[in-house]
Protein chains: 2
Amino acid sequence: MASEKTIRIHSPATVANMVCGFDILGFAVNEPYDEMRIRCKDEPGIVIVNEDDYHLPTQPEKNVAGAALLALMDELESPVGFELFIRKQIKPGSGVGSSAASAAGAVVAANRLLQDRFSKEDLVRFAMNGEKLASGVKHADNIAPCIYGGVTLIRSIFPLDIIGITAPPLYVTIVHPQIEVRTSDARGILKQQVLLKDAIRQWGNIAGLVAGLLQGDYQLIGRSLEDVLIEPVRSILIPGFDKVKKLSKEAGALGGGISGSGPSIFMLSENETTARAVEKQMKEVYESLSLAYHTYVTTINQSGVTFVEE
Amino acid sequence: MASEKTIRIHSPATVANMVCGFDILGFAVNEPYDEMRIRCKDEPGIVIVNEDDYHLPTQPEKNVAGAALLALMDELESPVGFELFIRKQIKPGSGVGSSAASAAGAVVAANRLLQDRFSKEDLVRFAMNGEKLASGVKHADNIAPCIYGGVTLIRSIFPLDIIGITAPPLYVTIVHPQIEVRTSDARGILKQQVLLKDAIRQWGNIAGLVAGLLQGDYQLIGRSLEDVLIEPVRSILIPGFDKVKKLSKEAGALGGGISGSGPSIFMLSENETTARAVEKQMKEVYESLSLAYHTYVTTINQSGVTFVEE
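What counts, and at which threshold
- Residues numbered from 1 in each chain as written.
- Chains lettered and ligands numbered in written order.
- Predicted model: local features only at pLDDT ≥ 70, side-chain atom pairs only at ≥ 80, totals over all residues.
- Contact = placed C-beta atoms within 7 Å.
- Helix = DSSP H or I, 4+ residues; strand = E, 2+ residues; numbered from the N terminus.
- Pairing = 2+ DSSP bridges.
- Buried ≥ 20, exposed ≤ 12 C-beta atoms within 10 Å, placed from the backbone.
- Least-squares fit on C-alpha atoms with pLDDT ≥ 70 in both.
- Axes fitted to C-alpha atoms, helices over the stretch in contact; angles between N-to-C directions.
- Domains from an automatic or database assignment.
- Arc of directions from axis to C-beta.

J.: Would you mind going over the interface of chain B and chain A with me for this structure?
T.: Buried accessible area, meaning the area lost when the parts come together, often serves as the stated size of an interface. The interface of chain B with chain A comprises 34 residues on the first partner and 34 residues on the second. Listed by contribution, the elements that provide at least two residues to the side of chain B that touches chain A are β5 (151-156), β6 (161-165), β8 (193-195), α6 (196-215) and α7 (218-224) of chain B. A total of 14 residues in the side of chain B that touches chain A trace back to one element, the largest contributor, which is α6 of chain B. One ladder, built from three bridges, connects strand β8 (residues 193-195) of chain A with β8 of chain B; its direction is antiparallel. Residue pairing across strands places glutamine 193 of chain A opposite leucine 195 of chain B, the latter belonging to β8 of chain B.

J.: Help me out: how do you make sense of the pairing of strand β1 (residues 6-16) of chain B in this one?
T.: Within a regular strand, side chains alternate between the sheet's two faces. All names here are of chain B. β1 sits mainly inside the fold: eight of its 11 residues count as buried. By the bridge criterion, 10 bridges tie β1 to strand β2 (residues 25-41) in an arrangement that is antiparallel. Residue pairing across strands places histidine 10 opposite glutamate 35, the latter belonging to β2. By the bridge criterion, three bridges tie β1 to strand β12 (residues 306-308) in an arrangement that is antiparallel.

J.: It is not clear to me how the relation of the copies chain B and chain A should be interpreted in this structure. Could you clarify?
T.: There are two copies of the chain, and a rotation about an axis plus a shift along that axis relates them. Superposing chain B onto chain A requires a rotation of 180 degrees together with a translation of 0.0 Å along the rotation axis, leaving an RMSD of 0.0 Å. What we have between these two chains is a two-fold relation.

J.: I keep staring at the sheet that holds strand β11 (residues 293-299) of chain B and nothing clicks. Help me out?
T.: Strand pairing in a sheet is mediated by backbone hydrogen bonds. Such pairs are either parallel or antiparallel. All names here are of chain B. Sheet architecture is open: four strands sit in the order β9-β10-β7-β11, paired in antiparallel fashion. The open sheet terminates on both sides in strands that have one partner only, identified here as β9 (255-258) and β11. Strand-to-strand twist of the sheet, defined as the mean angle between neighbouring strand axes without regard to direction, takes the value 15 degrees. Running at roughly 10 degrees to strand β7 (residues 171-177), helix α10 (residues 272-288) makes contact with β7, β10 (265-269) and β11 of the sheet.

J.: Help me out: how do you make sense of the domain arrangement of chain A in this one?
T.: All names here are of chain A. Entries for chain A in the domain assignment read domain 1 (7-166 + 302-308) and domain 2 (171-299). Spacing between the C-alpha centres of domain 1 and domain 2 amounts to 24 Å. Opposite the 27 residues of domain 1 that make contact, domain 2 presents 35 residues. Elements with a minimum of two residues in the side of domain 1 that touches domain 2: β1 (7-16), β2 (25-41), α3 (120-135) and β5 (151-156). Sort the elements by how many residues they give to the side of domain 1 that touches domain 2 and β2 lands first, with four residues.

J.: Whenever I open this one, helix α1 (residues 64-73) of chain B confuses me. Can you help?
T.: Owing to its 3.6 residues per turn, the α-helix aligns residues three or four sequence positions apart on the same side. Residues and elements named next belong to chain B. Judged by how many residues are buried, α1 sits mostly within the fold: nine of 10 residues are covered. Looking at α1, one finds that the buried residues are Val64, Ala65, Gly66, Ala67, Ala68, Leu69, Ala71, Leu72 and Met73. Each element contacted by the buried residues of α1 is listed here: β3 (45-50), β4 (81-87), α2 (98-113) and α3 (120-135).

J.: Quick question: what am I supposed to make of unusual backbone geometry here?
T.: Glycine aside, residues mostly have negative phi, and peptide bonds are mostly found in the trans state. At the junction of glutamate 31 of chain B and proline 32 of chain B, the peptide bond is cis and its omega measures out at -10 degrees in the coordinates. Checked against the element boundaries, proline 32 of chain B lands in strand β2. For the bond from phenylalanine 158 of chain B to proline 159 of chain B, the omega torsion is -5 degrees, close enough to zero to count as cis. Residue position: proline 159 of chain B is located in the loop between β5 and β6. Phi at serine 290 of chain A is positive, roughly 50 degrees, even though this residue is not glycine. Inspection of the secondary structure assignment puts serine 290 of chain A in the loop between α10 (272-288) and β11 (293-299). At asparagine 17 of chain B, a position not held by glycine, the phi torsion is positive, near 80 degrees. Assignment of secondary structure puts asparagine 17 of chain B in the loop between β1 and β2. You can call asparagine 17 of chain B buried: it has 26 C-beta atoms within 10 Å.

J.: Looking at this structure, I do not really get helix α9 (residues 241-250) of chain B. What am I missing?
T.: Residue and element names in this part refer to chain B. Among all positions of α9, only Phe241, Val244, Lys245 and Ser248 are buried. Angular distribution of buried residues about the axis of α9 spans 95 degrees; they occupy a single face of the element. Relative to its buried face, α9 has exposed residues pointing more than 90 degrees away, namely Asp242, Lys246 and Glu250. Two residues or fewer after α9 comes glycine 252, characterised by a positive phi angle close to 110 degrees.

Encoded structure:
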């Protein structure tokens, strides 16, 4: 039934929430990305081989890629075996969808071995099991852009409703200060109740952001990148956040904020020159705080997980 | 300074909230509309003449059109006088922007007498004083579509940020059950706090609705016309609401809900045949409840307040 060959893929990092779009918006970026290979093996089951130094668990049910693959295998009539080689370049815990890249990459690659029998929506469903394992919650705002590419809207999780949002060209500057913010902690500090008036302001911004993206209106995108609910609570976990945001905007960024649940911070710009100027500001902030960090200047990835020739 | 002639306008009814877009979305319809005439008079001040049977106050500071005009006159260097004739066809308290039509119509017409010296955004700002008088709150989700036409997003009130949302052709069926729901009461019963998870579902729908409108995706529009926060509370004030909604959808409507704060209910359809079938269902519901009602089958008004030749 399954192919004999090895499938090799690149699975991109993703930025969830997109400031005001908590739990519903996300986009994929061209850098960084994980490299993965998958092939069928004779005996049923999953073997995971780490080809990096992150020492992630290799037991399938404790590995996000494994958990995603297990969900996929649950919907096959006959047992199959997969051997998965993972070379992560997206640091776990960085807030740019490291677990999503593993989970999404694994199921997209496995699906190719199975002659693409599952739809992209199925694959999102499977991969969300990886997110459940990583953060305790089945969320799709990293998984969906990782699989679909571009900016994606997850209108609803149950039932799953994913909508591609066409965006104008955007440059993305990301800084990852090397501190740990656990997704579960970042979720834990959120208030379960919010003021209606704050929610109204938030959904005005979400509507503005979606309209700005679809209409290619950079200024509207910039004005809408405001989060009155989540950022004020979560940003206190990220040293230098306010300064990075202020200096990035002064350097010309349209706006930005926490990537996912942090600690990475992302900024959107209209052109590469501005994106590089933003990177410079970010570097200076973390140099002055004597905090290790890593930066990326990249663009929106339009294709999601991509297949690479052997 | 001001023109000698009489300006005659039609000021359209509007549907605020658009189900999930509480306080941020609204659209204008081609029917019903108010007829108004305005001309300059020699003595400074405002004279309001009612040409209908609604017996609305004619003291400018107690009349929504007067309150809007007073705000406009506050920003003129020298005193002017206006004589305003109002023939309302949008019943006050119906929930389709009767007060907005008066306030917006008055300032648009007066502005024409003043050689259009104020921008549309200024006019929204002035007209919101009428809404303040009518409901106690300066909201723009009726005013903005009444002045701009089409579907409008009010991303923010302070500062005012109005965005036109291009929509595909849509038919609108409206039923106005002749009961009274005061806007202030309808606001009063809302909870000031909402669950974050409900807010997330709401803004997923708002994002879906904006995307559906801009992408001309009728099915997405339909799926997104869901309100988990306001409708469950407010709809209990409107007899027959659940039945109207259920039967309208069965008749083919994409979806719909409370118009503004009610009691009118609106439904969107892709074509006129469906919109008429929806009207039939609405009529049957209110016939069976022995409640007086009025229905409209109309389309989205793309131009807002329009000038009519003498």
